[in-house]
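A structural walkthrough
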2 protein chains.
Amino acid sequence: VNIGVLGAGNVGGALGGLWAARGHRIRFARRRVAEGVPASVSSGDVAVTDVAAAVEFGDAVLLATPWGVTQEVLRAAGDFGGRLLIDATNPIAPGPSLAVGFSTSGGEEVAGWARGARVVKCFNSLGADGFARPGTGADQASMFYCGDDGAAKSVVRQLGEELGFDMVDCGALSQARYLEPLAMLWITLAMQQGYGRDIAMKLLRR
Amino acid sequence: VNIGVLGAGNVGGALGGLWAARGHRIRFARRRVAEGVPASVSSGDVAVTDVAAAVEFGDAVLLATPWGVTQEVLRAAGDFGGRLLIDATNPIAPGPSLAVGFSTSGGEEVAGWARGARVVKCFNSLGADGFARPGTGADQASMFYCGDDGAAKSVVRQLGEELGFDMVDCGALSQARYLEPLAMLWITLAMQQGYGRDIAMKLLRR
């Protein structure tokens, strides 16, 4: 899959690097193209470009921007022309707390900003370090996703399974109202409650 | 521990029955006292009474009411006199969706309504059937709780561990803003997404 990655920070760098190592072609869009490919990328067909070119390149586009610049980046992206947009952002405000929620969600806001995109919320509820440590068997982490387009969700499910995650379909995009609080739970447990950055959620099925 | 249980439905009946079987004394408050002890109770020192008497009896009080009558029941309870109030409710509106969230939570609303209570949010993020199936080892479910009083949280932790759960301290009571969406995630996965009522969340620590 050709994947445009908007944002080359912890999340975009980690996921882009992992997918590149599995044979997907990656184009990172970052503010300063001269910064080059993120240090997390060790192999693969990878380059850095601007936002519009990364979107144009992608069969799928990963959104991995800090919340504060997300709307601006999506404006620069232009029309997505029906492309899959994987929203890995969280609407984080100082505190940390959520900037939006309850009657909307970051995922729904993103869908309103990204013209012509089929948005799937995913990869937002685990710290960036964890993408390389899905675990196996009893230790396998779940990755929760939601969206309104079944075909788009199938692609995301496949991309998550390739990384080793147990993929959990949570329903419509409005379920981001629960997946973003789940991210806040991860953040506060990891950072404030002393559980550390290696924690992950697993959905037990019995 | 003497435990008053406000509400004798699925949640109150299940937890009250399990704690009674472990030697705690239980007083259920239910709308019609003549309905007697819930069918889920198989043994122990258990009786049915009114709300004020159940609170008076309890060293701890479990709040397990449907959201719509919660404020009315807490008004009937009078002053809690510093008692621990374990809030197992969820502010469920039709849909289902949350009736409050983001800038407040059911847990915080309950704390505003329950005069003189030390409120701990717990036992809200798992279906009532699951309280008897904590699982063991790799299959052990986590139970998430939050509150502003350390001593009160220690009692809740102990009561959850006695049931066999991996108890996860999520911090201050305002964290109910994330634990109630977690309940909605359980509800929608179990009921709408086809995962069924036996699912449970586990916090993987690595």
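Remember, predicted model here, so these are calculated numbers, not experimental data.

Our next topic: the overall build of chain A. A count of helices and strands for chain A gives 6 helices and 11 strands. Relative to the 2.2 N^0.38 estimate, which gives 17 Å for 206 residues, the radius of gyration of chain A is 16 Å and therefore close to what a compact globule would have. When the backbone C-alpha atoms are referred to their principal axes, chain A occupies close to 45 × 40 × 35 Å. Pairs at least 24 apart in sequence give 66% of the contacts found in chain A among residues at least 6 apart. Looking at chain A, you have 19 positive and 20 negative side-chain charges, and the mean spots of the two groups are 2 Å apart.

With that settled, consider the side chain of Arg30 of chain B. All names here are of chain B. Within the secondary structure, Arg30 is located in the loop between strand S2 (25-29) and strand S3 (46-49). Here Gly36 takes part through its backbone oxygen, which lies 2.6 Å from a polar atom of the side chain of Arg30. Other than its neighbours up to four places away in sequence, Arg30 contacts Ala8, Glu35, Gly36, Val37, Pro38, Val48 and Thr49.

What follows covers the confidence of the model for chain A. The predicted model of chain A has a mean per-residue pLDDT of 97, with 100% of residues at 70 or higher. Listed scores for the predicted complex are pTM 0.97 and ipTM 0.96.

Our focus in this paragraph is the side chain of Asn2 of chain A. Looking at the secondary structure, you find Asn2 of chain A in strand S1 (residues 2-6). Excluding anything up to four places from it in sequence, Asn2 of chain A contacts Arg25, Phe57, Gly58, Asp59 and Ala60 of chain A.

Below, the discussion takes up the interface of chain B and chain A. In many analyses, interface size is given as the accessible surface area lost on bringing the parts together. Opposite the 41 residues of chain B that make contact, chain A presents 41 residues. Interface area for chain B against chain A, summed over the two sides, is near 3400 Å², with a carbon-plus-sulfur share of 61%. When the buried area of chain B at its contact with chain A is split by residue, Phe102, Tyr178 and Arg206 of chain B rank highest and sum to 24% of it. When the shortest N-O distance is used, the salt bridge between Asp139 of chain B and Arg206 of chain A registers 3.1 Å. Summed over the shared surface of chain B and chain A, the number is 15 residue pairs in polar contact (both at pLDDT 80 or more). Elements with a contribution of two residues or more to the side of chain B that touches chain A: strand S7 (97-98), strand S10 (166-169), helix H6 (176-191) and strand S11 (200-204) of chain B. Tallying contributions element by element places H6 of chain B first for the side of chain B that touches chain A, with 9 residues. Within the side of chain B that touches chain A, the residues separate by chemical class into 25 nonpolar, 8 polar and 8 charged.

Residue and element names in this part refer to chain A. Burial of the side chains of strand S5 (residues 84-87) extends over both faces: Leu84 and Ile86 are buried on one face and Leu85 and Asp87 on the other. Here strand S4 (residues 60-63) pairs with S5 via 4 bridges, running parallel. Bridge pairing in S5 places Leu62 opposite Ile86.

Residues and elements named next belong to chain B. Strand order in the open sheet made by the 8 strands is S3-S2-S1-S4-S5-S8-S9-S10, with mixed pairing throughout. The open sheet terminates on both sides in strands that have one partner only, identified here as S3 and S10. Each adjacent strand pair in this sheet contributes to an overall mean axis angle of 25°, direction not counted. Sheet analysis places strand S8 (residues 118-121) next to strand S9 (residues 142-147), joined by 2 bridges and oriented antiparallel. Within S9, the residue paired with Lys121 across the bridge is Cys146.

The next point concerns the sheet that holds S4 of chain A. All names here are of chain A. Reading across the sheet, the 8 strands line up as S3-S2-S1-S4-S5-S8-S9-S10 and stay open at both edges, with mixed pairing between neighbours. A strand with exactly one partner marks an edge of an open sheet, and here the two such strands are strand S3 (46-49) and strand S10 (166-169). Across the sheet, the mean angle from the axis of one strand to that of its neighbour is 25°, orientation sign disregarded. Bridging between S1 and strand S2 (residues 25-29) involves 5 bridges; their strand directions are parallel. Counted as the bridge partner of Ile3 is Ile26 from S2. Of the strands in this sheet, S1, S2, S3 and S4 touch helix H1 (residues 10-21), which is tilted by about 160° from S2. The strands touched by helix H6 (residues 176-191) are strand S8 (118-121) and strand S9 (142-147); relative to S9, the strand with the most contacts, the crossing angle is about 150°.

Centre-to-centre distance and the angle between the planes together describe a pair of aromatic rings. Residue and element names in this part refer to chain B. Under the counting rule described, the total for this entry stands at 6 aromatic pairs over all chains. Where Trp67 meets Trp113, the ring centres are 5.4 Å apart and the plane angle is 35°; that geometry is what we call tilted. Linking Trp67 in helix H3 (residues 67-77) with Trp113 in helix H4 (residues 106-113), this pair joins segments that are 46 residues apart in sequence. The class of Trp113 is partly exposed, set by a relative accessible area of 25%. For the ring pair Phe123 and Phe131, a centre distance of 6.1 Å and an interplane angle of 80° mean the geometry is edge-to-face. Side by side, Phe123 and Phe131 carry an identical accessibility label, which is buried.

What counts and what doesn't
Here the residue numbers are simple positions, counted from 1 along each chain's written sequence. Key to labels: chains lettered from A, ligands numbered from 1, both in the order written. Local features are withheld for residues below a pLDDT of 70 in this predicted model, meaning they are given only at 70 or higher, and side-chain atom pairs are given and counted only at 80 or more; totals for whole chains, interfaces and linings count all residues. Processing note: side-chain calculations cover all non-hydrogen atoms of the structure and skip hydrogens and water entirely. The way it works is that DSSP assigns letters per residue, a run of H or I at least four long becomes a helix, a run of E at least two long becomes a strand, and they are numbered from the N terminus. Based on C-alpha atoms, the radius of gyration is set beside the globule rule, defined as 2.2 Å times the residue count to the power 0.38. Contacts are assigned to residue pairs that have any heavy atoms within 4.5 Å of one another. For the purpose of counting charges, residues Lys and Arg are taken to be positive, whereas Asp and Glu are taken to be negative. His and the chain ends are not included. A charge is said to be at NZ when it belongs to Lys, at CZ for Arg, at CG for Asp and at CD for Glu. Any pair of N or O atoms that falls within 3.5 Å is considered a polar contact. Within protein, one atom must be able to donate a hydrogen and the other to accept it, and sequence-neighbouring residues count only if both atoms are side-chain atoms. On a scale of 0 to 100, pLDDT captures the predictor's confidence in every residue. Here the buried area means the combined drop in accessible surface, using a 1.4 Å probe, for two parts upon being joined, counting both sides. A side-chain nitrogen of Lys or Arg and a carboxyl oxygen of Asp or Glu constitute a salt bridge if their distance falls within 4 Å. Each residue is assigned to one class: nonpolar for Ala, Val, Leu, Ile, Met, Phe, Trp, Tyr, Cys and Pro, charged for Asp, Glu, Lys and Arg, and polar for all the others, Gly among them. Relative accessible area decides the class of each residue, using a 1.4 Å probe on protein chains only: under 20% of the type maximum gives buried, over 50% gives exposed, and in between gives partly exposed. Strands are treated as partners if at least two bridges between them are detected by DSSP. As a rule, the C-alpha atoms of each element are fitted with a line to give its axis, helices using only the stretch in contact, and angles between N-to-C directions run from 0 to 180 degrees. Planes of paired rings set the category: under 30 degrees apart is stacked, over 60 is edge-to-face and the rest tilted, where pairs are Phe, Tyr or Trp rings (Trp by its six-membered ring) whose centres lie within 6.5 Å.

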